[in-house]
Structures are given as C-alpha cells and as structure tokens.
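Reading the structure
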Amino acid sequence: MAGTPFDLVQGTLDVLILKALALQELHGMGISRRISQMTRGAFDVKAGSLFPALHRMEQAGWLTSNWGQAETNRRAKFYSLTKKGTKQLHAETERWARISLAMAAALGTHQEAL
Amino acid sequence: MISRLRALWNTFFRRDQLDQDLDEELSVYAELVAAEKTRSGLSPDCARRDTHREMGGVEQVRQNVRDIRAGVWLERLNQDLRYGVRTLSRDPGFTVTAVLTLALGIGACSAIFSMVNAVLIRSLPYGDPERLVYLFTPNSRDNLPPEDFGPAYGDLYDIKRESRSFQSMTAFDQSMFNLSEQGEAQRVSAARVDGDFFQTFQASPVMGREITWEDNQPGHERVAVISHALWQSLFGSASDILHRSLVLDGKSYQIVGVMPIAFEYPHNFDLPEGVPQYKTTQVWLPLALTPSQMAERDNFGGNAVARLKPGISIAQAQSELSTIMVRLNKLLDPHMQGREALLVNLLDSTVGHVRSLLWLLLGVVGLVLLIACGNAANLLLARSAGRMRELGVRAALGAGRRRIVRQLLTEALLLGITAGGAGIAFAFLFLRFLPLLDPGNIPRLSEASLDMRVLLFTLALSLLTSLLTGVLPALNVSRANLVDFLAAAGNRGVAGAHGRTQGALIVIQTALVLVLLSSAGLLIRSYINVESVDTGFSESTLTTSVQLDPRYSQPQKRAEFYRDFYSRLSAIPGVTAVGGINALPLSNSETMRPFQVEGYANQKNQLVQGRWITPGYFSAMSISLLAGRAFSQDDTAHTDRLVIVNRSFANKYFANRNPIGGHVTFEDHHVQSTTVIGVVGDVRHTSLEESPAPQIYMPVSEAADGYIVVRASRAPKIVAAEIRSALHAIDPNLAAADIQTMGQLESAASARRRFQTSLLTVFAAVALLLALIGLYGLMAHSVGRRTREVGIRMALGAKRSDVMLLMMKKAALLLALGLTCGLVVSWFAVRAMQAFLFGVGGHDPATIISVCALLAVCGLVAALIPARRAASIDPIQALRME
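Residues numbered from 1 in each chain as written. Chains lettered and ligands numbered in written order. Predicted model: local features only at pLDDT ≥ 70, side-chain atom pairs only at ≥ 80, totals over all residues.

Structural notes on the overall build of chain B
Spelled out, the test is: Helix and strand assignments come from DSSP, with helices taken as H or I runs of at least 4 residues and strands as E runs of at least 2, each series counted from the N terminus. Between the two quantities, the radius of gyration covers C-alpha atoms and the globule rule is 2.2 Å times the number of residues to the power 0.38. Once C-beta atoms are placed from the backbone, each residue is buried if 20 or more other C-beta atoms lie within 10 Å of its own, exposed if 12 or fewer, and partly exposed for counts between those two.
What chain B contains, in helices and strands, is 27 helices and 21 strands. Relative to its length of 882 residues, chain B is extended, with a C-alpha radius of gyration of 38 Å against a globular reference of 29 Å. If you line up chain B on its principal axes, its C-alpha atoms span 130 × 75 × 55 Å. Buried positions account for 41% of the 882 residues belonging to chain B.

Some details on unusual backbone geometry
Residue and element names in this part refer to chain B. With omega at -5°, the peptide bond leading from Tyr265 into Pro266 counts as cis. Looking at the element boundaries, Pro266 is found in the loop between strand S7 (251-258) and strand S8 (283-286). The phi torsion at Ala288 lies on the positive side, around 45°, for a residue other than glycine. Locating Ala288 in the fold gives a position in the loop between S8 and helix H10 (291-294).

Concerning helix H3 (residues 47-59) of chain A
All names here are of chain A. Here is the rule: Every helix has an expected span of 1.5 Å times one less than the residues it contains.
Under the 1.5 Å per step criterion, the end-to-end length of H3 is 18 Å for 13 residues, consistent within 8% with the ideal 18 Å. Within H3 the residues assigned to the buried category are Ala47, Leu50, Phe51, Pro52, Ala53, Leu54, His55, Met57 and Gln59. Positioned one or two residues after H3, Gly61 has a phi angle of 85°, which is positive.

So, the sheet that holds strand S3 (residues 75-81) of chain A
Residues and elements named next belong to chain A. Operational definition: Pairing between strands is defined by DSSP: at least two bridges between them are needed.
The strand order across the open sheet built from three strands is S1-S3-S2, with neighbouring strands paired in antiparallel fashion. Whereas interior strands pair on both sides, the edge strands pair on one side only; in this sheet they are strand S1 (26-27) and strand S2 (63-69). When S1 meets S3, the two strands line up antiparallel, connected through two bridges. Across the sheet, His27 pairs through a bridge with Phe78, a residue of S3.

Quick look at the packing of helix H25 (residues 800-829) of chain B against helix H26 (residues 845-871) of chain B
Geometry of a packed helix pair, given as the angle between the helix axes and the separation of the axes. Residue and element names in this part refer to chain B. The criterion, for reference: Under this scheme, a helix contributes an axis fitted over its contacting stretch, all axes are lines through C-alpha atoms, and angles between N-to-C directions fall in the 0 to 180 degree range. Relative orientations are named as follows: roughly parallel for angles under 35 degrees, roughly antiparallel for angles over 145 degrees, roughly perpendicular for angles from 65 to 115 degrees, and oblique for any other angle. By definition, any crossing whose near helix is turned counterclockwise from its far helix by less than a right angle is left-handed, and any crossing with a clockwise turn is right-handed. Residues are treated as contacting if the C-beta atoms built from their backbones sit within 7 Å of each other. Gly falls in the polar group here, along with every residue not listed as nonpolar (Ala, Val, Leu, Ile, Met, Phe, Trp, Tyr, Cys, Pro) or charged (Asp, Glu, Lys, Arg).
Relative to each other, H25 and H26 sit at 150°, their axes nearing to 9 Å. Accordingly, the angle class assigned to the pair H25 and H26 is roughly antiparallel. Once H25 is placed against H26, the crossing between them reads as right-handed. Contacts from Arg800, Val803, Met804, Met807, Met808, Ala811, Ala812, Leu815 and Leu819 in H25 reach Cys852, Leu855, Ala856, Gly859, Leu860, Ala863, Pro866, Ala867, Arg868, Ala870 and Ala871 in H26. For the contact of H25 with H26, the per-class residue count stands at 17 nonpolar, one polar and two charged.

Overview of the environment of Leu512 of chain B
Residue and element names in this part refer to chain B. If you trace the backbone, Leu512 turns up in helix H17 (residues 492-531). On a C-alpha basis, the gap between Leu512 and Val368 in space is 8.2 Å, while along the polypeptide they are 144 residues apart. Sequence-distant contacts of Leu512, that is, excluding residues within four places in its chain, are made with Leu367, Leu370, Ile371 and Ala767.

Structural notes on the nonpolar core
All names here are of chain B. To keep it simple, the criterion reads: The term nonpolar core refers to a set of buried Ala, Val, Leu, Ile, Met, Phe, Trp, Tyr and Cys residues connected through C-beta atoms within 7 Å. Domain start and end points were adopted from an automatic or database domain assignment.
Judged by nonpolar contacts, the single largest core of 114 residues is most densely connected at Ala224, Ile226, Val283, Trp284, Ile644, Val709 and Val710. Tallying contributions element by element places strand S2 (residues 166-181) first for this core, with six residues. The residues that make up this core include at least three from each of domain 2 (138-340) and domain 4 (550-732). For Val283, the residues in contact, after removing those within four places along its chain, are Val188, Ala190, Ala224, Ile226, Leu230 and Leu246. Among the nonpolar cores identified, the runner-up in size contains 106 residues, and Phe113, Val116, Phe426 and Val830 belong to it.

Describing helix H22 (residues 742-749) of chain B
Residues and elements named next belong to chain B. Formally: What the arc covers is the set of directions going from the helix axis to the C-beta atoms.
Every buried residue belonging to H22 is among Met742, Leu745, Glu746 and Ala749, and all of these are buried. Down the axis, H22 shows its buried residues gathered within 100° of arc, on one side only. Where H22 is buried, its residues meet strand S11 (542-545) and strand S21 (740-741).

As structure tokens, this is what we get:
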C-alpha cells in the first residue's frame, strides 16, 4: 500500500529505530532512510522527532554511538544496539506481535484482505 | 543505571561538548539529506532550502534534543534560580519589602511554634510520658475539685496490689526543708518518695542509685538523691558527691544519687494542686511510711502517679479501679463511703490548661502569615503587571507557558526561602525577649528554642509561603495571552484583571486584620478589667513564711518562736502592723471547713473557706472592717467561740439579717458553735478573676506554719532585709521563704494574662502594619499605572481634589468591604476567644467600634500618600511620558 506517510503511533518510533539498527550501525540519516525502506515508505521520520528519540534511547542505554565516516567523507555519529537494546527489541517485537494479532482479531481483518 | 548516571554527568559537566557534538550531528544530517536531494535532480540551493523546511528548523530540533537530556529539570531549575536572583536583585526595593514582610510572618509562626514545641511536643525526661497517670480518690459528696483528693496510702497500696492495669505505681509527698550549708540556711523543695518513684517515671540518676524500698525501711531513710542543679550550685559539681551528705532541717542525709539535668519532677505546674513555692524539686528523700501509715484510710495522703501497662487505656484501667473501689469503700466509715477512683493523664493535667492558649497564639500568627503572604502576592502581582512586556518577549521567543509560570514560582520560592532565613533570625530575637514575658506558670516555656523540629517547620512554612504567594501571579500570567499583550503594546487590558485580584487580596487582608485587632482589643479590655479588680487588700503589704524544723516540734517551743519573731517584726522601724494567716490570698493555699448557719436553709456537706488569723492580720493587709469589730488579743484565748465573716458570707448566709451575733456551727472533728463578731470586706483569694467566695475567719494567737504579713511605711526592700536579719537573730538555721509584697503576688497572678495580651497585641500590630504596607503599595502601584489617565482627566479639567477623591474612593471602598467581611468573621471568631475574656463580652461594641475606627483611619492615611502623589501629577508631563 502506497500513500501519504502515517503519523507515528506513540511508541512505534523506538521499536522502529531498534529494528533499523538490528542489522548494522547507522547514522541519523541512515536510520531515517532505513525505517522508510522497512515500512515501504509508510513512516517518514523527521529530524525533529528522530534526534530526541536517539538521544533518549542512548541515555537509556539501548543504543551506543561512535563517530565514523559518512558517505560524504564527513565525520558522522553512528548508532548501534547495545545488549540491553537487543533485549528491548525482542521484548518490543513480541509485544507488537501480540498487539497486531489482537487488533486483527478484533477488527476481523486478515493479511489477505489488505 | 550507569548509562543514566553518565548521561547526568555529561549534562552537567560536558554540556559544551554535547552541544558541539549535537551541532555537528545535525549539520551532517542536513548535508546528507541535501546531497540526496541533489542526486535526485534538485539544484543545491533548492535542496538546502527543502532540507531546512523538512527538518522544521535546526534550532527547534536542537532544543528538542536538549529537552530530553537527563537531569534537564535540574538544569532548568538552576537557570530559573539564576534568572530569579538576577531579576530580584535588579529591584531591591521590591525584594526587601517582600522578604521582610514574609520574614515577619514566618518569624512569628516559628517563634510561637518553638513555644508549642517546648511545651506540648518535645518529649519529657520521663520514659513514655503518655502512659503516666495521676490517681485521685475523690468523693462526689464533697463539692471540691477531684484533684484535691490524693489517695489515702491504705487505698493506694491496696489498689496497687489488686489492679492489673498498671506497670507500676508510686506515692510521693512534697515538703520544704531548711538546707544549712556553712552556717547559711536556704529553703529547698523536696519530694519524699516511695521505692517505686524512679521506676514509675523511668528516670534514673546519672550518678549513683535511685531511692529503693530498702531506703524506705525505718532506720534506713537518711539517704537523698539530689538534682543536677543542686549538685552544681551547692557542691560545685564535685566528683566525690556520693561520699558527701546533706543537712536538712538539722538532720544529715547521705547523698546516694544525682539526677540528670532535665529531671526536676515535681515542678509547681506538675501537680494539679501544686504549691507555687515548690518551683522545682531539688532533693528526693525516702517517704519511709510506717506500716500503720501504709494502712491509713481516713486521711487523704500525698500524690500518686501510676504507669499504665502498654496497650491499656485510661478507660480500661478506670473500670478495673471502680470494681476495686467497691470493696475498699466497705472498709470505710459509713460517712466516708462513696470514694471513687479517678485517673488523669499526667500530660493533660500538666499542660492541658495552656494548650488552648498556645493553639490560639498559633492561630493568630497563622493569620499574620496569611496577611504577609497576601502582601507578598500583591507585590508580585504588581510587579508581574510591570513585567508583562518582558514575559511577552520571552513567550514570543519560544518560552512555553509552563516555563514562564515555573519561572514566576521559582522567584516566589527564592523570596520564601530567603524570608524563611530572615524569619529564623526574627524568631531567635523573639526567644531572646521571651523571658521578659514568661508568666512562670507555663510548663517548660523557658526551654523554648530553635531546635531541629522548629527549623524543619520553618522550612516547610517557607515552601508553603512561596506557593501561596507565587500561585496567584503565576495564574494571572498564564491566563493572560502574553503575545497578544505584546502586540497591544500597552498594559491597560491586563491591568484590569490584576487590579481585581489585588483588590480582593486587600479586602481579605483588611478582614483578617480586623479579626486580629478586635481579638487584641478584647484581651486588652479584659486585662484592664483584671488590673482594676478590687483585690480587697493592700498591695504594699509584705509576706513571708518560715518553715520550722523538728527542733521546734513541741507546740510550746513553736509558740515561743512565733511570739519572739512577731515582736521583733513589730519592732522594725516603720512597721505598722504584723499579722499571720494559714492560707494567704493568691498563694494557692486553701482550707475548707464543713459548717452550718443558724437560721439558714443549710445543705448537706456545706463547705466554706476557713482562715485562721492573728489579730493583726486585717490591719496588716488593710482589709476593711464593714461591721462589728476585729479580733483582739484577748479573743485568741477563745479560738473556738468567735468568728468574723466576709461580705460574701454575710450576703449569702445572713441575707436580710444582721450577721453580728449570728451563730455558725462547725462540724469537722467535733461540733463547735461560734458567734459572728464582725464582717470584713471580700478579698480575691484563688485568682484575680474569680469572684470572692464566702470566707470565715477564726482567731489564733500566732500563725503556725502559715504566712506572715507585715505592713510598713518604708520601702519593701529595706523592710525585707530587716525581716531576714530579725529571723537570723532568732535562729540562723531558719530561712524565710521569698519575701514578696502582695503586689508581687498580684502581678504573678495576672502574668499569664499579661503574656497572652501582650503577645496577641504585638501580633495584631504587626498584622496591621503589614496590611497598611499592602494597601499603600497597591495604591502607589495603581497611581503609577494610572498616571496617563490622571493626566488626561486633568487636561480635560479635573481638579486636583477630584483626582484625590478618585483615588481615595477606591481605597475607601476596599477598606469598607474589608471591614464588613472582618466584622462578620470576627462575630463568629470571638467564640474561640471566649475563655480568655474577663468582664467584657465577645461582641463588645466599644471595642469593635474603636478597632474599626483605628483600622479605617490608618488605612485612609496609608492611601492618602499615594493619592496626594496622584493629585500632584503634572498633566503635560504625564501625557508626554507615553
């Protein structure tokens, strides 16, 4: 389904960021693009919400950061998951699976119906 | 956890580094986004603009990130505080006024609370005092206060054996001794205690041991425990004190223990029927009752204190006692039966009577603090009106409303805390002056101090004050639309709303002040009434008493001593009369006699205050003789035949009859019939405020162990010295108790009233001052704000007097509203005061009118100054100013 990007549902941004970082470390722009890609363009994360979230998650100890080379040869801050972050990702994934199942059951929708 | 701490650390100590990193991170992001857009075909300029639009402003993003940093609230608080200090110090006039106002309120509260703390809250030097109770065995057939009946020892020790409600129980007695030390005699008050005294109070000596049951065995009773004070004053804190002894009434007692500093039980205020002379107890001796005394049931004994077992209530113990008393009553003579057991909480009995006074004072200073808060709030409101522009600019620059409200509250917090500090200083000063006011009969008042509890109380008060003062201005600001305000570029729109709030505050303050002033007014009236009470005796008469020791145990020797002493007293130059009495007015002593009057409808168990006096008593006290004659020396031979009654007695028992020649029969030990030979004026005996009771006087030749009264034409100090040397000449081992004039006794009797009146008056005055400052401030502020309006009015032809009238009208309206509210409130509030009034009604019109007038006049004068300033505004300048 392609259309206008949704507003992020409360609590989705964190899990999306965690998921985006599950494979590799990324800088802010990279995370934003990865999320967009993962959700087939449904979510377009703006800097105004991305950076506060990154810093908050870093303070919470889910992410860690280090400075590396970006594509343009500029120094950029790369984020990666910590152990705690990975654990958080698993927990959140499970939670979302349960929620989406429950929602699907409640609304009587199926994957095929989409 | 560690990452959190590190984040906190970074927020505070590596902020610059963090900000720099953030800037770099954001700029790389922007660059990357722009590069992507360029790749998709946009021109670099266009790409950059697009990027910026998409990011929604770099500064905004940066601020959002900062806002989520750990401990950001602390950083904000720090910012707010610094900003607050800056703005407050920019306006020292405002700040000093606000701080001083609040400091007065907080200081008054802390001072009174320190008294409450000392008297009612702080723990006593007895373990768990809540469980201590007094035991009385009153007989409801006698119309006397139940506290007059200490249990007979026989009853007491039976109750002690049979009851299960008490952990321990003790009997003790008070007496005065002559303590001789190196030829000098001084009087000390002692408690004679049984073996369970110290255990009941759970107080043990700091040195040596307590008095035990062994010490109470006959032949072992010559031991003493002394107070810390006596150990210091008499023995210079000697370390070998346990090897020393004490000579009391010529007998030597081995010192076996020294009590801790705080323990001086019983104090004069401890016992319901305490004798004023026994201020504190310095010596504890064994009571040493003989077996027959311990079984005595007919005479009421000393004092009894018991400690309830944990978990047993007074009511439970009381009901157990009533069953025990049923059995004990059967052991009594039929005419003495009907004895009950009464338990009274020791704390209630000690401080119960001052509790209401202290709560009243605390309520009063609470009102003072409220008024102070109103003032400070008004000042803040006035200032925030002037600061609308500044706040508007801050709002326009992106400060959230909550942030601005928080800023205002922070400023109030700064004011409150500073005022709290200054308030502590005020409270300290107050406590310095407290001894001057101390009426001497409020337990432990002298121990009032600024301890940890008082300091915490003050801190809490400061915070509360900050909230109270800060919340109104903050609400006002949050209601006003600051940015609109900036656009309007004036302060007229908001000023109206502010003016209403401020006006309401002034009305409330005026009302509160009226309540305080009328309370103070009523107390002052009461005090004047008490002071002008006709006591019935002369103030300049000197009084003293002598305690004879066992060397004078033979009646003949005592009589000889008194005869000698009286004649020496009469010989002192300037002495015009010498007399004696067993129970002196205002000395807290009393004797009651059962009696019947011939020709009167007598009741059962009718009691009258009986006095034994020497012939010189009436003339020494200047008590007026109304009819018949006074006692002569010859009458003392017929002590059981003749009586003199006071006016109250004559009015009650000889109504419409001539009392002279009437017959009064006493029925105490044996029936005794007497004839009335005279009627004298009433005297205030129990207190200045109790109307005189019927009294009856019997003649004796010398007052044995009573009070001696001396009337002299010379200065009391000189005569007092002469009295001492006269006693010394007879027997250097005897000491005269405090030689006081009746005036001093009177002054002591009205000390409590003086205390409460002066405190309440001072606080009411402070409240008045605060309210006037508030009114003045509001008027001055509104004049300042209306300069332009006044200018226009005057330019249009208004006269100066019109302008003044305009300004005064507002003040008068506020005052009138305040007075009306105040009258309504005080109409109901005086109910709390009723117990403190004497000879004046709660709604005394004279007091209320004069207080209203005072407040109105002061208020108008305070408003007049700014109003005159308004009237002197030069219209040209006023208009040019804008």
